[in-house]
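# Topology and contacts: notes
Listed below are the residues making up each chain.
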There are 4 protein chains.
Amino acid sequence: MNDSTDYEHISEVRVRYAETDQMGVVYHANYLVWCEIGRTDFIRALGRSYADIERDGVTLAVSDAALRFLGSARYDDRVLVHTRLEELRSRGMKFAYRLVHGDTGRTLVTATTSLIALDANGRPARLPTAVVDVLRRAATMGAES
Amino acid sequence: MNDSTDYEHISEVRVRYAETDQMGVVYHANYLVWCEIGRTDFIRALGRSYADIERDGVTLAVSDAALRFLGSARYDDRVLVHTRLEELRSRGMKFAYRLVHGDTGRTLVTATTSLIALDANGRPARLPTAVVDVLRRAATMGAES
Amino acid sequence: MNDSTDYEHISEVRVRYAETDQMGVVYHANYLVWCEIGRTDFIRALGRSYADIERDGVTLAVSDAALRFLGSARYDDRVLVHTRLEELRSRGMKFAYRLVHGDTGRTLVTATTSLIALDANGRPARLPTAVVDVLRRAATMGAES
Amino acid sequence: MNDSTDYEHISEVRVRYAETDQMGVVYHANYLVWCEIGRTDFIRALGRSYADIERDGVTLAVSDAALRFLGSARYDDRVLVHTRLEELRSRGMKFAYRLVHGDTGRTLVTATTSLIALDANGRPARLPTAVVDVLRRAATMGAES
C-alpha cells in the first residue's frame, strides 16, 4: 500500500497583507498553512472533502513537517501550491509540495508533511477505507497521465 | 446586574515577528487577539480560568467588537493591555480595553468587545453563577480600590 | 467628496483549518482579515491594486473598525465578502462589509473599517489623485446600476 | 566556527485561543511561531535583541525548518520552548528546539530551523561580528555550565 504518484493538484493562493511581515515578504510559517490548503484541495479534487473525513470520526494530524525556503513571495502575489501524494500507508500518508510564484514560475518553497490518522480519543487509527480508496485513485491517475 | 467597575487588569504581550506586516507595524487584527488575552487574564486574576468556564458547558462568543487605532506597535515592543469589565448582564458581558506602548506609555488602541454566553448547542444561555460571582468580585474590587 | 455608493464587490474565501478555533468555528479576528481581502479586491476590480497604491508612497492604515457577529462559519465553508465604499474623503475612506455564508446565504458578520492615508513617515496625507479617481468610479458605477 | 553548545534558553508561552483549531489543540503552524520566540529570547538573553540585528542592516531569514509533532498542547496550557544553538557559521546558524508541556513535562514538538543572513537587498551576507560574538558567548556558556 506504499504508493507514490505523479498526479499533482495545483491550488492558488493570493498573498494576504496579514501574511506579510516587516521584512516585506510572507512570514515563513504561513507556507505550512498553504500546504494544508494544498492537501485539502488535493483530496477534494478526488471527490472527498477533508470535512467528510472528520465526519467519519477520523482526524488527520501532522506528525512531521520539513520545509526548504528558496525564495519569497510578496503581498498580492499569486502562489501556486503543487501537491503530490508521496506515500500512502494504512495509518497515514505523506504529501510533498512545491510552492511556485504565480508570475515568475520560481520555486519558493519545497516541503513535505506526514499525517497520521487519529480516532476520536486522539489515538492512532487506520484510515477509513473510503479515504484510502480516494487516495488510491490519485495513484491510478498518476499512472495514467 | 449592570455593573461597571474601575478595577482593571494589566496583561503584557511582546510583539512577535509573525504579528508585524510589511508596513513594519503590528497587523491590526492582532489587537483583537491581544484583547482576548486581556479578558482571559482578567478572569484568571479573579480566580477562574476561561478554560474552566468552557468546562462548565458554556462558551463565550464575541458578538460585537469596536476598535480605534491611535498608534502602532513594532516588533519586539512590549504592549500593555489594560482590561476593564464595562458591563455584566445575565447572558453576557462587555469588556473595555486600552492597549498602551510599554515604553512610551502612548495609547495605541482602545477597544470594546461584547460577549454572549452560548450553551453546547450554540444557543444563548445564562452565565453560570460561578462566573457571575467571579465577575461581581471585579465590581467590588473596583469599588474598594 | 463624500460619496456613498450602492456598488459592491463580492469576494469569496474558503475557511482554512488554521482559521478555526476550538469552538469549531472561525476565530473572530479572522473576519477582519477577510474584510481586508474584500477592500483589496474592491480596489483591484476598479483597475488598481493596493500594491500600486503603496508604490505611490502612500499606505492606508485602519483607524477604526467595528464588527457585529451574527453567525459563524465552519471549516471549508465558502464565505462571500460583500464590500461597499461607504465614504470617500480627501485623506481616507470608509468601507462597509457584509460577510455571508456561501451556501445558506445567512449573514455572518457586518462590519465597517475606516482607513486613513499615511505618507512614508507615517503622517496623515492626502489620497493620491489616481486612487480618488478610481474610487469615484465606484460611486458612478453605483449610480448607474 | 562550527559551534554546538549545551547552553539552552527556556521561553514560556501560554496557548492563545486564536492558536487552537477545531481539533481542540494548537494548530501545527503555530509551533514555528513559538520557535521564533525561542530564538529571539535566546539572542536577547545573550545581550542583543533581534531588532538590534535588523538595525545593523542584516535580516535573518529561515532557510530550512523541520518539525516533529509528538504531542499536542491545548488552550491556556503553558508551553516551554527550549532553544539551543546547534550550529554557527559565517553566514548563518541553526537552532534546535524542544517544546515541552509546562505541567506534564511531556515533549510536544522537536524542531530545527536554519537561518541565513541577508543584506538590505536580500542577498546572502556575512553575520555582523557583534552577532557572532554574542552567539559565541552561548558556546562558552555551554562549555562552562
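As a reminder, the structure under discussion sits directly above these lines.
Not measured: the values here are computed from a predicted model.

Thresholds, definitions, all that
Residues numbered from 1 in each chain as written. Chains lettered and ligands numbered in written order. Predicted model: local features only at pLDDT ≥ 70, side-chain atom pairs only at ≥ 80, totals over all residues. Helix = DSSP H or I, 4+ residues; strand = E, 2+ residues; numbered from the N terminus. Rg over C-alpha atoms; globule rule 2.2 N^0.38 Å. Buried ≥ 20, exposed ≤ 12 C-beta atoms within 10 Å, placed from the backbone. Pairing = 2+ DSSP bridges. Axes fitted to C-alpha atoms, helices over the stretch in contact; angles between N-to-C directions. Core = buried A, V, L, I, M, F, W, Y, C linked by C-beta atoms within 7 Å. Contact = placed C-beta atoms within 7 Å. Nonpolar A, V, L, I, M, F, W, Y, C, P; charged D, E, K, R; others polar. Least-squares fit on C-alpha atoms with pLDDT ≥ 70 in both. Expected span 1.5 Å × (residues − 1).

Across its full length, chain A holds three helices and five strands. Traced from its N-terminal end to its C-terminal end, chain A shows the element sequence β-α-α-β-β-β-β-α. Relative to the globule expectation of 15 Å for 145 residues, the C-alpha radius of gyration of chain A, 16 Å, shows essentially globular dimensions. Residues classed as buried in chain A amount to 44% of the 145 residues present.

A separate point is the sheet that holds strand S4 (residues 92–101) of chain C. Strand order in the open sheet formed by ten strands is S1(B)-S3(B)-S4(B)-S5(B)-S2(B)-S2(C)-S5(C)-S4(C)-S3(C)-S1(C), and the pairing between neighbours is antiparallel. One side of each edge strand has no neighbouring strand; the edge strands of this open sheet are strand S1 (8–14) of chain B together with strand S1 (8–14) of chain C. Each strand axis lies, on average, 25 degrees off the axis of its neighbour in the sheet, ignoring direction. Relative to strand S5 (residues 107–118) of chain C, S4(C) runs antiparallel, the two being bridged by nine bridges. Following the sheet pairing, Lys94(C) is matched in S5(C) by Ser114(C).

Side chains of nonpolar character tend, in soluble globular proteins, to be buried together. Counting 176 residues, the largest nonpolar core has Leu99(A), Leu99(B), Leu99(C) and Leu99(D) as the members making the most contacts within it. The residues contacting Leu99(C), other than those within four sequence positions of it, are Tyr31(C), Trp34(C), Val79(C), Val81(C), Leu108(C) and Val109(C).

This paragraph deals with the pairing of strand S2 (residues 59–69) of chain C. One ladder, built from five bridges, connects strand S2 (residues 59–69) of chain B with S2(C); its direction is antiparallel. Opposite Asp64(B), over in S2(C), you have Arg68(C) as the bridge partner. Bridging between S2(C) and S5(C) involves ten bridges; their strand directions are antiparallel. Within S5(C), the position partnered with Ala61(C) by the bridge is Ile116(C).

With 15 residues of chain A in contact, the opposing surface of chain D contributes 15 residues. Counting residues per element, the ones that place at least two in the side of chain A that touches chain D are helix H1 (30–45) and strand S2 (59–69) of chain A. Class assignment of the residues belonging to the side of chain A that touches chain D gives a composition of ten nonpolar, three polar and two charged.

Laying chain A over chain D is done by rotating through 180 degrees and shifting 0.0 Å along the axis; what remains is an RMSD of 0.0 Å. As the rotation angle and translation indicate, the two copies are arranged about a two-fold axis. Of every C-alpha in chain A, the one belonging to Ala66(A) sits nearest the axis of rotation, 2.1 Å from it. Looking at chain A, 100% of its interface residues are interface residues in chain D too, so the copies touch through the same face.

Right, let's get into the relation of the copies chain C and chain B. By a simple turn and slide, chain C fits onto chain B: the slide is 0.0 Å along the axis, the RMSD is 0.0 Å, and the turn is 180 degrees. A shared binding surface is used by both copies, with 100% of the interface residues of chain C retained as interface residues in chain B.

Residues and elements named next belong to chain D. Only one face of strand S1 (residues 8–14) is buried, namely the one carrying His9, Ser11 and Val13, since none of Glu8, Ile10, Glu12 and Arg14 on the opposite face is buried. In the sheet, S1 pairs with strand S3 (residues 78–89) via seven bridges, with the strands oriented antiparallel. Bridging across to S3, Glu8 finds its partner in Arg84.

All names here are of chain D. Tracing the sequence through the fold places Val134 in helix H3 (residues 129–144). Counting along the chain gives 84 residues from Val134 to Tyr50, while the straight-line C-alpha distance between them is 11 Å. Contact partners of Val134, with chain neighbours within four places excluded, come to Ile43, Leu46, Gly47 and Arg48.

On to the sheet that holds strand S4 (residues 92–101) of chain D. An order of S1(A)-S3(A)-S4(A)-S5(A)-S2(A)-S2(D)-S5(D)-S4(D)-S3(D)-S1(D) is seen for the ten strands of this open sheet, with the pairing classed as antiparallel. At either margin of the open sheet sits one strand with a lone partner, and together these are strand S1 (8–14) of chain A together with S1 of chain D. The average undirected angle you get between the axes of adjacent strands in this sheet is 25 degrees.

To continue, consider the interface of chain C and chain B. With 15 residues of chain C at the contact, the number on the chain B side is 15 residues. Breaking the side of chain C that touches chain B down by element, the ones donating at least two residues are helix H1 (30–45) and S2 of chain C. At ten residues, the largest contribution of residues to the side of chain C that touches chain B is made by S2(C). A class-by-class count of the residues in the side of chain C that touches chain B yields ten nonpolar, three polar and two charged.

The next point concerns H1(A). Residues and elements named next belong to chain A. With 16 residues, H1 should reach 22 Å at 1.5 Å per residue; the first-to-last C-alpha distance of 23 Å fits that figure. Among the residues of H1, those classed as buried are Asn30, Tyr31, Leu32, Trp34, Cys35, Glu36, Gly38, Arg39, Thr40, Phe42 and Ile43. At the C-terminal side of H1, Gly47 shows a positive phi close to 105 degrees.

We now examine the environment of Glu54(B). Along the polypeptide, Glu54(B) turns up in helix H2 (residues 50–55). The spatial distance from the C-alpha of Glu54(B) to the C-alpha of Ala138(B) is 20 Å, given a sequence separation of 84 residues.

What follows is about unusual backbone geometry. All names here are of chain B. One non-glycine residue, Asp76, adopts positive backbone phi at about 80 degrees. Counting through the fold element by element, Asp76 comes out in the loop between S2 and strand S3 (78–89). Under the C-beta neighbour-count criterion, Asp76 is labelled partly exposed, with 17 such atoms within 10 Å.

Residues and elements named next belong to chain A. For Ala130, the location among the structural elements is in helix H3 (residues 129–144). Note on Ala130: 14 C-beta atoms within 10 Å, which makes it partly exposed. Sequence separation between Ala130 and Arg48 is 82 residues; the distance between their C-alpha atoms is 8.8 Å. The contact partners of Ala130, leaving out residues within four places of it in the chain, are Arg48 and Asp56.

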